[in-house]
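What follows is the residue order along each chain.
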Amino acid sequence: MNAKFYYTNGTTTTTYPSSDTLFYIEEYKQPEKTLYSYPGDDIFYDLDSTCINLYDLFRDKIFSSSDEYYHFLDFLPQGITRAGLDSDFDLPKDIFAKYFTESLPNLYPPEFLTNPELNIVINKLDNNKFRYAYLTDCQSMISTLQELIWSSQNSFIAFYKYLSEVPVRYDFKNIYCDISPEGRIVFNMSSNLIIALYSIFDILTKICFELVY
């Protein structure tokens, strides 16, 4: 058996916990990766699934249909949806501003506009460029929320995993205490968890506000 179990008191075992054990984290080592599970962890998959549905919900609220959104997406200048959100996409500030202060047909080479079908597409994009930009910002918040949710789970698991590696010391009042590199990692994991949870509620409030208003 390649399983290991972490308890809340910092101890571990390779024996499956008894039925009256309230909480534990199971570590299962596979040749290519290590898996972790614990009672109630399915909520993370439910939350991730909800986030995926939020992508479509925002799209359907901003655009009249998914067909309208996808039909012109391939022709949309990448700067409208990537600038400011993708660190690998380099676009000068003045060019980005032109996307929203000038008409898109004025930014394309004249030969593009001689094609009637392409001219229609560019004008459609010009009418919807603010919608695409706004949707991208909203979906970026959802993506951040997903990352924070999984980050909180990682910190939660790592807290108990590293807690088991902390040297056991008790002071005269029988309080568990430690000052060591392992102890600092445990404290760091707890701090990361608190920050992630706070950030989750913060960005969730912003997402709810955008959905309502």
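Residues numbered from 1 in each chain as written. Predicted model: local features only at pLDDT ≥ 70, side-chain atom pairs only at ≥ 80, totals over all residues. Heavy atoms only, no water.

So, about the overall build of the protein. The helix and strand inventory of the protein stands at seven helices and four strands. Reading the helices (α) and strands (β) of the protein from amino to carboxyl end gives β-β-β-β-α-α-α-α-α-α-α. Seen through its principal axes, the protein has C-alpha atoms that stretch 80 × 40 × 35 Å. With 213 residues in all, the protein has 32% of them scored as buried. Sequence-distant contacts, at least 24 apart, represent 55% of the contacts inside the protein between residues at least 6 apart. Of the roughly 13800 Å² that the protein leaves accessible, carbon and sulfur atoms contribute 56%. Across the protein, the 16 positively charged side chains and the 29 negatively charged ones have centroids separated by 5 Å. (Helix = DSSP H or I, 4+ residues; strand = E, 2+ residues; numbered from the N terminus. Buried < 20%, exposed > 50% of the residue type's maximum accessible area, 1.4 Å probe, protein only. Contact = heavy atoms within 4.5 Å. Areas by Shrake-Rupley, 256 points an atom, 1.4 Å probe, with all protein chains shown as cover. Lys, Arg positive; Asp, Glu negative; His and termini not counted. Charge placed at Lys NZ, Arg CZ, Asp CG, Glu CD.)

This paragraph deals with the packing of helix α1 (residues 42-62) against helix α6 (residues 116-163). Think of two packed helices as two axes; the pair is described by the angle between the axes and how far apart they sit. Interhelical geometry of α1 versus α6 gives an angle of 175 degrees and a closest axis separation of 10 Å. Considering the angle they form, α1 stands roughly antiparallel to α6. Classifying every residue of the contact of α1 with α6 gives 16 nonpolar, five polar and three charged. (Axes fitted to C-alpha atoms, helices over the stretch in contact; angles between N-to-C directions. Parallel < 35°, antiparallel > 145°, perpendicular 65-115°, else oblique. Nonpolar A, V, L, I, M, F, W, Y, C, P; charged D, E, K, R; others polar.)

Pairing in this open sheet of four strands is antiparallel, and the strands run β2-β1-β3-β4 from one edge to the other. Only two strands of the sheet have a single neighbouring strand rather than two, namely β2 (12-13) and β4 (34-37). Note: strand β1 (residues 3-6) against strand β3 (residues 25-29), four bridges, orientation antiparallel. Looking at the pairing, Phe5 lines up with Glu26 of β3. Strands β1, β3 and β4 of the sheet are contacted by α6, whose axis makes an angle of about 85 degrees with β3. (Pairing = 2+ DSSP bridges.)

Right, let's get into a nonpolar patch on the surface. Taken together, the side chains of Leu197, Phe201 and Leu204 present a nonpolar region at the surface, about 280 Å² in accessible area. Checked against the element boundaries, Leu204 lands in helix α7 (residues 181-212). On the basis of relative accessibility, which here comes to 33%, the residue Leu204 falls in the partly exposed class. (Patch = residues over 30% accessible without salt bridge, like charges linked within 9 Å, V, L, I, M, F, W, Y side chains within 5 Å. Salt bridge = Lys/Arg side-chain N within 4 Å of Asp/Glu carboxyl O.)

This brings us to the packing of aromatic side chains. Aromatic rings in a pair are described by how distant their centres are and how their planes are angled relative to each other. By the definition in use, this model includes 18 aromatic pairs. Relative to Tyr70, the ring of Tyr69 lies with its centre 4.7 Å away and its plane at 75 degrees, an arrangement referred to as edge-to-face. Considering the side-chain rings of Phe209 and Tyr213, the 4.7 Å spacing of their centres and the 40 degrees angle between planes classify their relative orientation as tilted. For Phe209, a relative accessible area of 48% translates into the label partly exposed. On the basis of relative accessible area, Tyr213 is assigned to the exposed category, the value being 73%. One aromatic cluster is present, built from ring pairs that chain together Phe23, Tyr38, Phe156, Phe159 and Tyr160. (Phe/Tyr/Trp six-rings, centres within 6.5 Å; stacked < 30°, edge-to-face > 60°.)

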